[in-house]
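An overview of the molecular structure
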Amino acid sequence: MSESTYPSVKDLTLEEKASLTSGGDAWHLQGVEAKGIPGYMITDGPHGLRKSLTSSTGETDLDNSVPATCFPPAAGLSSSWNPELIHKVGEAMAEECIQEKVAVILGPGVNIKRNPLGGRCFEYWSEDPYLAGHEAIGIVEGVQSKGVGTSLKHFAANNQETDRLRVDARISQRALREIYLPAFEHIVKTAQPWTIMCSYNRINGVHSAQNHWLLTDVLRDEWGFEGIVMSDWGADHDRVASLNAGLNLEMPPSYTDDQIVYAARDGRIAPAQLDRMAQGMIDLINKARAAMSIDGYRFDVDAHDEVAHQAAIESIVLLKNDDAILPLNADPAAARKIAVIGEFARTPRYQGGGSSHITPTKMTSFLDTLAERGIKADFAPGFTLDMEPADPALESEAVETAKNADVVLMFLGLPEAAESEGFDRDTLDMPAKQIALLEQVAAANKNVVVVLSNGSVITVAPWAKNAKGILESWLLGQSGGPALADVIFGQGSPSGKLAQSIPLDINDDPSMLNWPGEEGHVDYGEGVFVGYRYYDTYGKVVDYPFGYGLSYATFEIADVAAAKTGANTATVTATVTNTSDVDASETVQVYVAPGKADVARPKHELKGFTKVFLKAGESKTVTIDLDERAFAYWSEKYNDWHVESGEYAIEVGTSSRDIAETVTVALDGDGKTQPLTEWSTYGEWEVDPFGAKIVAAVAAAGEAGELPKLPDNAMMRMFLNSMPINSLPTLLGEGGKKIAQFMLDEYAKLSK
Ligand code: BGC
């Protein structure tokens, strides 16, 4: 054994190799004591460290974990559109892992929010794979820059909690490649996460843990993944099949390593495959070794709280601000009398439920923050944070408090019981008692600002008329109180943008026809038309579109230009100007609209973004590069990405529905063609470069009397064009046979 590495798999016995492919316990790798290989700890994730304490009976106490900074869960952080900020969150989490001797933190989760009712939407990033991948990569790179590993999860297609342990997600290749895999693909190719966690569900009939196509063909052979794949907790149902498929590690252990040993002995597992899987585990342990050897490290609790605070500020999305009701003036001399209503202001909902639940190092509610900052406000809880009916006494107290104020800050949202890992919601609506209370409060005071706390989208339209201002604050982590006070009182401008559309009604969502499935399977019938890809393509009205978010500043985007940088690549430039007297950030979003295509493509798709901070009156030029993938779709015909030649519109704006300027580029295309055969239609022959010459030769031979003449009336031509040429005899008898043979012979000559 060298100084810096543990032994190679060659130095291990068969039993030792097998032992590396399952955990030592629920939260540790299995070390090989005899060879000095340690069994490091790996634990949740993803928005802070959840290192569980051990109960008095020696069991892991999932409800109690060591204090760790609670950063905003992805529902919030995804609205920041700020990968650098997310990187800082990752670095901070890694430092906490180093202190707690945790080698791998289990996250981030980058599954697509296929339907806003999904129970884990709060810990996933977006309905858009480009955004999910380009944000979550900040966590992976940030954590790993400190020598700690991440576990990109849940690979793949965990898009619902209903029946999550066994549901068969039936998804087309195209939807997988364009929607459900790209966030994973981008992060794997760019950042090489040390580990990936497979999902519980099946994909097209095969459990993810046993899915060779997923874990080996795509992940390793196509994308070049160099790390290890672990099972989600309890997702490995067949040790041998999983190991053969490419699963390195069963978590937690089922204490069945002997199955691997027997299978290796009787040839059901090839020696090379076991070596590969076990070596991956040794490599992982080697990578973590430096950070895990640091003793006595203490992270800076206040500095991390400040990172959480900044992250929370950027997570807040201003949905509505009529009469510029926000920001409020905090100066006591000028201040209006403030009422704060809603239990969430005192008891914040700041993280989601399930395996990601952590114990924060600090917790400052909005009310605490007001008190700390000497801002006076009258408070009434208004309702209880449970699913119980309304309490009339609390309601009348709230209405009285509202009457006596100039402005009301009303904290509404989803209580903990309403959303969590483990189940999907059955409604997008807020609890009825909160909506009813808002109605009463608005009748007593016209100046209401609603501050929302929820992990996933809720409907806003039914009650929006009762609020002049609406702040969507998602789940903001432990520093949400100060962050909200900063935004509400104008210390900072809101800059968050929606990572998910807010529909008017859940039944507008394209996945509802197949949600959450039946008889053990769910058909992803909407294909690639997820979220705004559906709403924008089919012109459906939404309440707030993808990418939307207001600011206290105003901006202008101008001088948009796109230049080709290669046959199928381009660079986009635009000037963005802060046209107000408030310093603030704006996110410039680039959508690619393919226009006419051989397959049904979404009207446009996000393919680039950049967040810029601009002082009042300042202008900056932004540049966004578009690679070949930005224009491609997954072709099931070619079983590959395909860029068609032609014009593509490039839209630059501030949401999927606020496009400032559109320019076009003409791309060469990737030149892929499919060989013509007897099964190609006459129309397909006509548009193929070789085929067109042959079609011309058929016409000439017809004129010369060497071949039968083809019909030239419009109706017959229509039939002809859609016919595989082996059907020509149906239309033309023996003559048709001759024409088809001629075409095939000529083609064979030309393509030689
Ligand atoms: C969750 C994972 C989590 C694991 C360990 C599973 O139930 O799906 O996200 O990392 O438990 O807590």
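Presented here is a report on the structure given in the accompanying data block.

Reading the values: the criteria
- Numbering of residues begins from 1 in every chain and follows the order in which that chain's sequence is written.
- Thresholds applied to this predicted model are a pLDDT of at least 70 for local features of residues and 80 or more for the giving and counting of side-chain atom pairs; totals over whole chains, interfaces and linings are not thresholded and use all residues.
- The basis for the side-chain values is all heavy atoms of the structure; hydrogens and waters are excluded.
- Each helix is a run of DSSP H or I of at least 4 residues and each strand a run of E of at least 2, with the numbering of both proceeding from the N terminus.
- Atoms considered for the radius of gyration are the C-alpha atoms alone. The globule rule reads 2.2 Å times the number of residues to the power 0.38.
- We call two residues in contact when some of their heavy atoms are within 4.5 Å.
- The Shrake-Rupley method, run with a 1.4 Å probe, gives the accessible areas here. Residue values count only the displayed protein chains as cover.
- Charge counting treats Lys and Arg as positive and Asp and Glu as negative, with His and both chain ends excluded.
- One atom stands in for each charge, and that atom is NZ of Lys, CZ of Arg, CG of Asp or CD of Glu.
- Only strands that DSSP links by at least two bridges are regarded as paired with each other.
- Orientation is described by axes fitted as lines to C-alpha atoms, over the contacting stretch for helices, and by angles from 0 to 180 degrees between their N-to-C directions.
- Burial classes follow relative accessibility: with a 1.4 Å probe on protein chains only, a residue under 20% of its type's maximum area counts as buried, one over 50% as exposed, and anything between as partly exposed.
- The nearness test applies per residue and asks whether one of its heavy atoms lies within 4 Å of the molecule or strand.
- Polar contacts, as used here, are pairs of N or O atoms within 3.5 Å; protein pairs need one atom able to donate a hydrogen and one able to accept it. Residues neighboring in sequence count only if both atoms are side-chain atoms.

The next subject is the overall build of the chain. Each helix and strand counted, the chain has 21 helices and 28 strands in total. Taking 2.2 N^0.38 as the reference for a compact globule, 752 residues should give roughly 27 Å; the C-alpha atoms of the chain span a radius of gyration of 29 Å, in line with that estimate. Reported as C-alpha extents along the three principal axes, the dimensions of the chain are approximately 100 × 70 × 50 Å. Considering only contacts in the chain between residues 6 or more positions apart, those separated by 24 or more positions represent 75%. Total accessible area on the chain stands at roughly 28,300 Å², and carbon and sulfur atoms take up 51% of it. Seen as two clouds, the 63 positive and the 106 negative side-chain charges of the chain have centres 3 Å apart.

Looking now at the sheet that holds strand β28 (residues 658-667). Judged by pairing direction, the sheet is antiparallel, and its 4 strands sit side by side in the order β23-β22-β27-β28 without closing on themselves. With partners counted over all chains shown, the strands left at the sheet margins are β23 (605-614) and β28, one partner each. If you compare each strand with its neighbour and ignore which way they point, the axes differ by 20 degrees on average. Sheet topology places strand β22 (residues 584-593) next to strand β27 (residues 646-655); 5 bridges connect them, and they run antiparallel. Paired with A593 across the strands is A649, a residue of β27.

To continue, consider the pairing of β23. Extensive coverage of β23 is indicated by the burial of 8 of its 10 residues. For β22 and β23, the ladder comprises 9 bridges, and the chain directions are antiparallel. Across the sheet, the residue bridging to Y591 is L606, located in β23.

Let's shift gears to the site of the ligand. Looking at the ligand, there are 14 residues lining it, with D44, R120, H154, Y200 and D232 nearest. In the environment of the ligand, an oxygen atom lies 3.3 Å from a nitrogen or oxygen atom belonging to the side chain of R50. In the model, an oxygen atom of the ligand is placed 3.3 Å from a nitrogen or oxygen of the R164 side chain. In the complex, 93% of the free accessible area of the ligand, which totals 310 Å², lies under the protein chains.

Moving on to the sheet that holds strand β20 (residues 555-566). Taken together, 3 strands build an open sheet; the order of strands is β20-β21-β24 and the sheet is antiparallel. Of all the strands in the sheet, just β20 and β24 (619-626) have a single pairing partner and so form its edges. The sheet shows a mean angle of 20 degrees between the axes of neighbouring strands, taken without regard to direction. Bridging between strand β21 (residues 569-578) and β24 involves 8 bridges; their strand directions are antiparallel. By the bridge assignment for β24, T577 is matched with S619.

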